[in-house]
Each structure stands twice: as C-alpha cells, then as structure tokens.
Amino acid sequence: MHKLESRSDIIRGFSPAWFITTMGTGIIGALLINFPYGTPALQYISWGISLVNLVVFLACCVLFSWRLIRYRDFYSILMHPQQSMLLGAIPMGLCTLVVCLVWTLKPYNVSWMPTLALTLWCIDVVLSVMSFLVIPFLVTSHQKHALETVNATLLLPAVPTIVAATGGAIVASVHDGGIATTIVTISYMLWAMGMGVAMLLTIVYLIRLVLFKLPPKEAIATVFIPLGPFGQASYGIQLLGVQSARLFPTELSQIAYLGDILLSIGFFVGLMIWSLATWWFAHAVYSMVYTRVHGKIPFHLGWWALIFPISTFAASTNSLWILTGYRFFRVLASFIIVGVTLLWILIVARTVCYAWTGELFKAASVVQLELKDTVPEDFDSESPEECLE
C-alpha cells in the first residue's frame, strides 16, 4: 500500500475523477426509487443513498475547489489529455442530485421543490454546455493526443448534455405550461448535440480498438464508457417523448399531433439506441472477462466507470418496460439493477479502504506532478509554471 507523506497529498491528489463517485452513487439511488418490483424498504434505502450522494458531492466540491485555490493548476488540468475529460463528471454528478430530488419529493407535493430543481438544472445545463464546447476545442487545438493512446474518456465532454437533457425531462414533469415546454425544448436540443458528437467520438474509439486492440488492464474499465451515452440517450428520448405528449397538445396546438408523434419517435428511437447499447454492453463485458482471465485487474478510481454506464442501460430498459408493459424488459431491468447495485457496494467498500490507506490519493498525486509536461510549448501563457506551485 502507498502511504501519504502529508495531508496535503490528499488535496493535491484530489482530481476531477472523484466526481465519478457521485455520478455512480446518485444514479444507484435513482434506480432503486424506480425499481420494477419496488417496496417501501427500497424507497427508504434510495433516500439514504441520495443523502449520502449529496454529502459526497459537496465534499468533492470543497476539496476540488481547495485544490484549485491552493495549487492554482486549473490551467494544467485543462491542458491534460485525460484530466480535462473528467471535468464533465461535475455536471453529471450534479444532475443525479436533481433527479433524486425530484423523484424523492414529487409524491409529497413539496411546494419549493420544483423551483429548486429548476434552478439546479439550469446550473447543470450551463456547466454541461461549457464542458461540451470548451473541452472538445482544447482536444482539437492544444492537447496532445495519439490514436493509439486514446481511450473512451474522450466521450465524457459530450455526455453531460445528454444527461442534462434527461434531467430536463424529469424536471419538466413537475412543471406545467410554458416553463415545462421550454425545458423540454431545450432538452431536445441538448440531447441532439450530445448524442451527435458522442456517436462521432465513439467511431474514433472503435477505430482505436480495431487497430490497437483492447486498452491495458489498468484502463479496461473504460470500455464501458460508450455504454453511458447510448443508455442515457435511449432513456432521455423516451422521457422527453412522454413529456411532449403531455405538454405539446395544449402548448403547441398549432402543430397538429406533435406530442403523439414525438412520443412514438421517442419509443422507436429509444428502442433502436437501446439495441445498439446492448451490443456495446456485451462487448464490454467480454472485454473485462478476457482481460481478467489474462491477469489481475488492479483497483483504482477507474472502476467507477462501470457504474454509471451500466445504470443508464438499466434505466433505459426499465423505461421500455413502463412504455410497453413487456415482462422481458421488466425482468431484465430488475436483474441489471440488482447486479449493478451489488457492484456498487463492492466498489464503495474498496474505495473507502484504498482511500483510507492513501493509495488512491497517492496515485493521483503522482499524476498531478506530471501535469507540467502536458502544457503545449506554443500556447500563450504568462506564467504556466504558477499552476504547479
């Protein structure tokens, strides 16, 4: 086990990757709230997980802000070809809080909940769009990338807009009239932007796999990441279709049958994307098994990349059951939710253990010291060395 030389290593080693823990924890809480064979006990468990996720998210925000203030290295993070991709985990973690807030309090008609959910969702949209616009530009203009070393984290800057679109459909469900219609319209735009770019980047990643084969065992968990945008896009387009059918017949009555058409399109497109996600899910599982057979896979924060993508696939499957009533989707969704929840428990236990010993922070701190090598020499900056003080 690695040992921390000082407590400052915790701050220096606190990278954006830690926000992936909030993504995974939050979506597990959301899944349990909507478990196909739900019980009151599961509701209480999901509430507890949601509260824990809130505490974890706030702690991550404090520690990451402290790190940026103390070491002034945000510039170096932006220039880093891997660390910068993980900044998209911040708005996605926030979106899980919004979703759990709505799902938890909606049955109780809490008066202030819709306003709070809308406010947090607007903040999430701003952060998601910033990730979507800024990081891909840096990838194509300043960062150093090679096809051989590209991994699926390249998709992360595009995923937050898809997640925000799904969150928008859920937030719209507690609003009416023009506000809800505006939320749904913006969500469709976010969905289209994110899904389009994610599809293009997935092609790049698939070419990398064909030419250079599977990632090393240390990064093999990232093969599940493409499942995330597919599963979330399928889930999101279905929810948006439902809200369109509820809102558009009265709010956009000048466009005949628009709500019903979008509901049908949402189901059809959602099913098609879900089918594509099924292939990627099978490929990712096989890749993990194949790698494990040929050697032990070391534990690190990257294991959290398993939770959110699999959970989005489960949510999409559950949504297909709600729309169609097919028992196949209900049983499959239940099976996946149980499996990913058990996996989440395992990863949480190992994360706590490795964080307590300092190994997770030590490894991240070493990476942080290497950030100075990622700043392009030709990039105009007054004093890039200040980022590493």
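This report concerns the structure included in the present document.

Procedures and definitions
Residues numbered from 1 in each chain as written. Predicted model: local features only at pLDDT ≥ 70, side-chain atom pairs only at ≥ 80, totals over all residues. Heavy atoms only, no water. Axes fitted to C-alpha atoms, helices over the stretch in contact; angles between N-to-C directions. Helix = DSSP H or I, 4+ residues; strand = E, 2+ residues; numbered from the N terminus. Parallel < 35°, antiparallel > 145°, perpendicular 65-115°, else oblique. Left-handed = near helix turned anticlockwise from the far one by under 90°. Contact = heavy atoms within 4.5 Å. Nonpolar A, V, L, I, M, F, W, Y, C, P; charged D, E, K, R; others polar. Core = buried A, V, L, I, M, F, W, Y, C linked by side-chain atoms within 4.5 Å. Buried < 20%, exposed > 50% of the residue type's maximum accessible area, 1.4 Å probe, protein only. Salt bridge = Lys/Arg side-chain N within 4 Å of Asp/Glu carboxyl O. Patch = residues over 30% accessible without salt bridge, like charges linked within 9 Å, V, L, I, M, F, W, Y side chains within 5 Å. Areas by Shrake-Rupley, 256 points an atom, 1.4 Å probe, with all protein chains shown as cover. Phe/Tyr/Trp six-rings, centres within 6.5 Å; stacked < 30°, edge-to-face > 60°. Lys NZ or Arg CZ within 6 Å of the ring centre and 35° of its normal.

Look at helix α7 (residues 159–172) against helix α8 (residues 177–212): their axes get within 7 Å of each other, and the N-to-C directions meet at 160 degrees. What the angle tells us is that α7 and α8 run roughly antiparallel. When the axes of α7 and α8 are compared, the crossing they make is left-handed. Residues Thr-161, Ile-162, Ala-164, Ala-165, Gly-168, Ala-169, Val-171 and Ala-172 of α7 form the contact with α8, whose own contacting residues are Ala-180, Ile-183, Val-184, Ser-187, Leu-190, Trp-191, Met-193, Gly-194, Met-195 and Ala-198. Its residues assigned to classes, the contact of α7 with α8 comprises 14 nonpolar, four polar and no charged.

Bringing the nonpolar core into the picture now. Counting 121 residues, the largest nonpolar core has Met-113, Trp-121, Val-171, Trp-191, Phe-224, Leu-227 and Ile-310 as the members making the most contacts within it. Among the elements that line this core, the one with the most residues is helix α5 (residues 89–105), at 13 residues. Contact partners of Leu-227, with chain neighbours within four places excluded, come to Ala-277, Trp-280, Phe-281, Pro-309, Ile-310, Thr-312 and Phe-313.

The next point concerns the pattern of salt bridges. All chains considered together, the criterion is met by two salt bridges. For Arg-67, the salt bridge goes to Asp-73, with nearest N and O atoms at 2.9 Å. Since its relative accessible area comes to 0%, Asp-73 is described here as buried. Residue Asp-176 is joined to Arg-246 by a salt bridge in which the shortest nitrogen-to-oxygen separation is 2.8 Å. Note that Asp-176 is positioned in the loop between α7 and α8 and Arg-246 in helix α9 (residues 227–251), a separation of 70 residues in sequence.

A few words on the environment of Tyr-257. Looking at the secondary structure, you find Tyr-257 in the loop between α9 and α10 (258–293). Among the residues examined, Tyr-257 registers a relative accessible area of 64% and is labelled exposed.

Where nonpolar side chains cluster on the molecular surface, the patch consists of Leu-147, Leu-200, Ile-203, Val-204, Leu-206, Ile-207, Val-210, Leu-211, Phe-212 and Trp-279 and spans about 890 Å² of accessible area. Broken down by element, the nonpolar patch gets its largest block of residues, eight residues, from α8. Its location among the elements puts Phe-212 in helix α8.

For the structure shown, the criterion picks out 17 aromatic pairs. On the basis of an interplanar angle of 75 degrees and a centroid distance of 5.9 Å, the ring pair of Phe-19 and Phe-57 is categorised as edge-to-face. Taken together, the residues span a long stretch of sequence, with Phe-19 in helix α2 (residues 19–33) and Phe-57 in helix α3 (residues 40–71) at a distance of 38 residues. Per residue, the accessibility class of Phe-19 equals that of Phe-57, and both read buried. Through a chain of ring-to-ring contacts, three or more aromatic side chains come together here, namely Phe-224, Trp-274, Phe-281, Phe-313, Tyr-326, Phe-328 and Phe-329. Its end group placed over the ring of Tyr-37, Arg-330 keeps NZ or CZ at 4.0 Å from the ring centre. Directly above the aromatic system of Trp-303 lies the positively charged group of Arg-350, at a separation of 5.3 Å from the ring centroid.

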